[in-house]
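Chain by chain, the residues run as shown.
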Amino acid sequence: EGLSLYDANSRLSRDGPNLLPEKATSPFARFLSHFWGPIPWVIWTAMVIELANLDWLDLIILASVLVLNSFISWYQEDSVFKLTKPLKEKLAPETWVKREGNWLRAEAKQLVIGDRIPLKPGNVVPADCILGPGSVEIDQSLLNKELVTKYEGEVVFQGSIVRKGELEAIVSATGTRTFFRKTLENLNEVTYTGNFQKVLLKITAFVVAASSVLVLVIFIVVLSKGNNFLESLSICVAVFIACAPIDMKIVCTATLAVGTKLLAAKQAVVKNLDSIEQLARMEVLCLNKTGTLSKDLPTVQGCWPLLNYTQEDLLFTAKLASKTTGNSLDKCIIESTQSNFDYFEQEEFIDFSPDSKRTEATVRNTTSGETFKCTKGAPQVVLALCGDLEEEVSNLVDSLAAKGLRTLGVAKTDSDGVW
């Protein structure tokens, strides 16, 4: 039956939400970080020289330039952070959970220890779980690069991906108690410099090196003419500051911030400004369409029965080959027919897998005692079970595909067990 709402809320209050800790930095710390780097080092050096020369006006101007540059860069980054934070919350992962005998759709962060959840192919495991009856093939590449088969009583870890099989599982650990937290802590220790930052550093290093050579020549010439050492050094600092690309980072940060805001308006979450440049350099993007580019809300557009069957027969058989706790496709089929299924029960159900490309249910009529099988899946796979209808089915599938429609084949066995 799953946990009661009272027990679930009590455990949520006791254990906290099912969230992994993020490496957070305060706005003030991010602001201070802009006072450190190749360009700020140049300004700091110039300020020390002007302080030694007691040139208070130049010192104030240099300090103002440093503070203004740091503030503008920080403000652009902070505005992006504030803009994307609500989007991250809006796009929080969701899962099905059984509470008080009913399957409910809830955010993964609401899961608590003891919750009953379904695991199906393509699901990302939302928390550490103990498997119920059955077996699943689990992709643990995010954790240890292994593809393993797990059975009843074994533990699957948060962040793993279900590749094959379907069963129910009991949540055994959430949030900071999960195995995945250790992996995340190791990832947070890794420092990464994006290509954009590398390019800026290379440009800055080249300009600073070239300016240093020029300033050194000027310093030697000015000093050789009998000028005061500090005065000569002050002149060289002014030349050096004029040559250094002080505002380059501000311009680049502002440009990337504008791009981030445009992406945020299209509901895209940008984790950091460097990712804009990374995206621009990408040549091939590989992703799963369902639920990513589409909403994963299929609808039945039509039925094309063959032989002497009717549309209602087709929907009836397709519903028998579906699970009430199945994916969005199963729910779509179940909701598309109002036929009475009270006298039929599934004795066995074989879930869809990439190998079989179809589901299969063994169904018993509780009134007559008759037992038969129903299946739905890829048309060419179902067609291979049914005999000589290839030309008619292939033409129909091609015509529907030309309209952008996804086609499912449906079949059942007769009293002799023949498809």
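Scoring rules and cut-offs
Residues numbered from 1 in each chain as written. Predicted model: local features only at pLDDT ≥ 70, side-chain atom pairs only at ≥ 80, totals over all residues. Heavy atoms only, no water. Helix = DSSP H or I, 4+ residues; strand = E, 2+ residues; numbered from the N terminus. Contact = heavy atoms within 4.5 Å. Pairing = 2+ DSSP bridges. Axes fitted to C-alpha atoms, helices over the stretch in contact; angles between N-to-C directions. Salt bridge = Lys/Arg side-chain N within 4 Å of Asp/Glu carboxyl O. pLDDT = per-residue confidence, 0-100. Patch = residues over 30% accessible without salt bridge, like charges linked within 9 Å, V, L, I, M, F, W, Y side chains within 5 Å. Areas by Shrake-Rupley, 256 points an atom, 1.4 Å probe, with all protein chains shown as cover. Lys, Arg positive; Asp, Glu negative; His and termini not counted. Charge placed at Lys NZ, Arg CZ, Asp CG, Glu CD. Buried < 20%, exposed > 50% of the residue type's maximum accessible area, 1.4 Å probe, protein only. Expected span 1.5 Å × (residues − 1). Parallel < 35°, antiparallel > 145°, perpendicular 65-115°, else oblique. Left-handed = near helix turned anticlockwise from the far one by under 90°. Nonpolar A, V, L, I, M, F, W, Y, C, P; charged D, E, K, R; others polar. Phe/Tyr/Trp six-rings, centres within 6.5 Å; stacked < 30°, edge-to-face > 60°. Lys NZ or Arg CZ within 6 Å of the ring centre and 35° of its normal.

## Describing the overall build of the protein
From N to C terminus, the protein includes 13 helices and 13 strands. Here the contacts in the protein between residues at least 6 apart in sequence split such that 62% fall between residues at least 24 apart.

## Description of the sheet that holds strand β13 (residues 409–412)
With respect to topology, four strands assemble into an open sheet ordered β10-β11-β12-β13, the strand pairing being antiparallel. Only two strands of the sheet have a single neighbouring strand rather than two, namely β10 (344–350) and β13. Here the average twist between neighbouring strands, direction ignored, is 20°. Sheet analysis places strand β12 (residues 371–377) next to β13, joined by four bridges and oriented antiparallel. Considered in β13, the bridge of Cys374 is made with Lys412. This element, helix α10 (residues 311–320), spans β10, β11 (358–365), β12 and β13 of the sheet and lies at about 85° to β13.

## Details of the pattern of salt bridges
Where side chains of opposite charge bring their charged atoms close, a pairing between them can arise. Evaluation of the coordinates by the stated rule reveals 13 salt bridges. Between Arg177 and Asp15 there is a salt bridge, with the nearest N and O atoms lying 3.7 Å from each other. Linking Arg177 in the loop between β9 (167–173) and α5 (180–188) with Asp15 in helix α1 (residues 5–15), this pair joins segments that are 162 residues apart in sequence. Taking the shortest distance from any N to any O, the salt bridge between Glu347 and Arg364 comes out at 2.9 Å.

## What to know about the sheet that holds strand β8 (residues 161–164)
The strand order across the open sheet built from three strands is β6-β5-β8, with neighbouring strands paired in antiparallel fashion. Each having just a single partner strand, β6 (147–151) and β8 make up the two edges of the open sheet. With direction set aside, neighbouring strand axes in the sheet form an average angle of 40°. Strand direction decides the pairing type here: strand β5 (residues 135–139) and β6, joined by five bridges, are antiparallel. Residue Asp139 lies in a different strand from β6, and its bridge partner there is Leu147.

## Quick look at the confidence of the model for the protein
The share of residues in the protein with pLDDT of 70 or more is 89%, and the mean pLDDT across the chain is 82. For the protein, α5 is the element with the lowest average pLDDT, namely 65, and β12 is the one with the highest, namely 94.

## A few points about a negative patch on the surface
There is a patch of like negative charges on the surface, built from Asp388, Glu390, Glu391 and Glu392. Along the chain, Glu390 falls in helix α13 (residues 390–402). Residue Glu390 is classed as exposed on the basis of its relative accessible area of 52%.

## As for the environment of Gly302
Considering the arrangement of structural elements, one finds Gly302 in the loop between α9 (274–280) and α10. Residue Gly302 is classed as partly exposed on the basis of its relative accessible area of 31%. Along the sequence, Gly302 and Leu405 sit 103 residues apart, while their C-alpha atoms lie 9.8 Å from each other.

## Details of helix α11 (residues 328–335)
Residues three or four positions apart in an α-helix share a direction because the helix packs 3.6 residues into each turn. Regarding α11, the residues found buried are Leu329, Asp330, Cys332, Ile333 and Ile334. If you follow the buried residues of α11, they end up packed against α10 and β12.

## Details of α13
Here α13 is 13 residues long and its end C-alpha atoms lie 18 Å apart, about the 18 Å a rise of 1.5 Å per residue gives. Two residues or fewer after α13 comes Gly404, characterised by a positive phi angle close to 80°.

## A look at the pairing of β5
Pairing of β5 with β8 involves three bridges; the strand directions are antiparallel. Following the sheet pairing, Ile138 is matched in β8 by Val162.

## What to know about unusual backbone geometry
Here the phi dihedral of Glu100 falls at roughly 55°; this positive angle occurs in a residue that is not glycine. Its place among the elements puts Glu100 in the loop between β1 (94–99) and β2 (102–107). Residue Glu100 is classed as partly exposed on the basis of its relative accessible area, which comes to 45%. In this structure, Leu307 is a non-glycine residue whose phi angle is positive, near 55°.

## Quick notes on the packing of helix α6 (residues 195–224) against helix α8 (residues 248–264)
Running from amino to carboxyl end, α6 crosses α8 at an angle of 160°, the nearest separation of the two axes being 11 Å. With respect to α8, the element α6 is oriented roughly antiparallel. The handedness of the crossing between α6 and α8 comes out as right-handed. Each of Phe196, Leu200, Ile203 and Thr204 in α6 lies in contact with α8, whose residues at this interface are Met248, Cys252 and Leu256. Across the contact of α6 with α8, the residue classes break down as six nonpolar, one polar and no charged.

## Section: the packing of aromatic side chains
The way to describe two aromatic rings as a pair is by their centre distance and the angle between their planes. Taken as a whole and judged by the stated rule, the model has eight aromatic pairs. Judged by centre distance (5.2 Å) and plane angle (80°), the ring pair of Phe31 and Phe35 falls under edge-to-face. Judged by relative accessible area, which is 18%, Phe31 ranks as buried. Plain terms: the ring middles of Phe71 and Tyr75 are 6.1 Å apart, the flat faces sit at 25° to each other, and that makes the pair stacked. Residue Phe71 and its partner Tyr75 are located together in helix α4 (residues 56–90), separated by four residues, close to a single helical turn. The partly exposed category is assigned to Tyr75, whose relative accessible area is 47%. Each member of the aromatic cluster is reached from another via a ring pair, and the members are Phe31, Phe35, Phe71, Trp74 and Tyr75. Directly above the ring of Trp96 sits Lys331, whose terminal nitrogen or CZ lies 4.8 Å from the centroid. Residue placement shows Lys412 over the ring face of Phe372; its charged tip is 4.5 Å from the ring centre.

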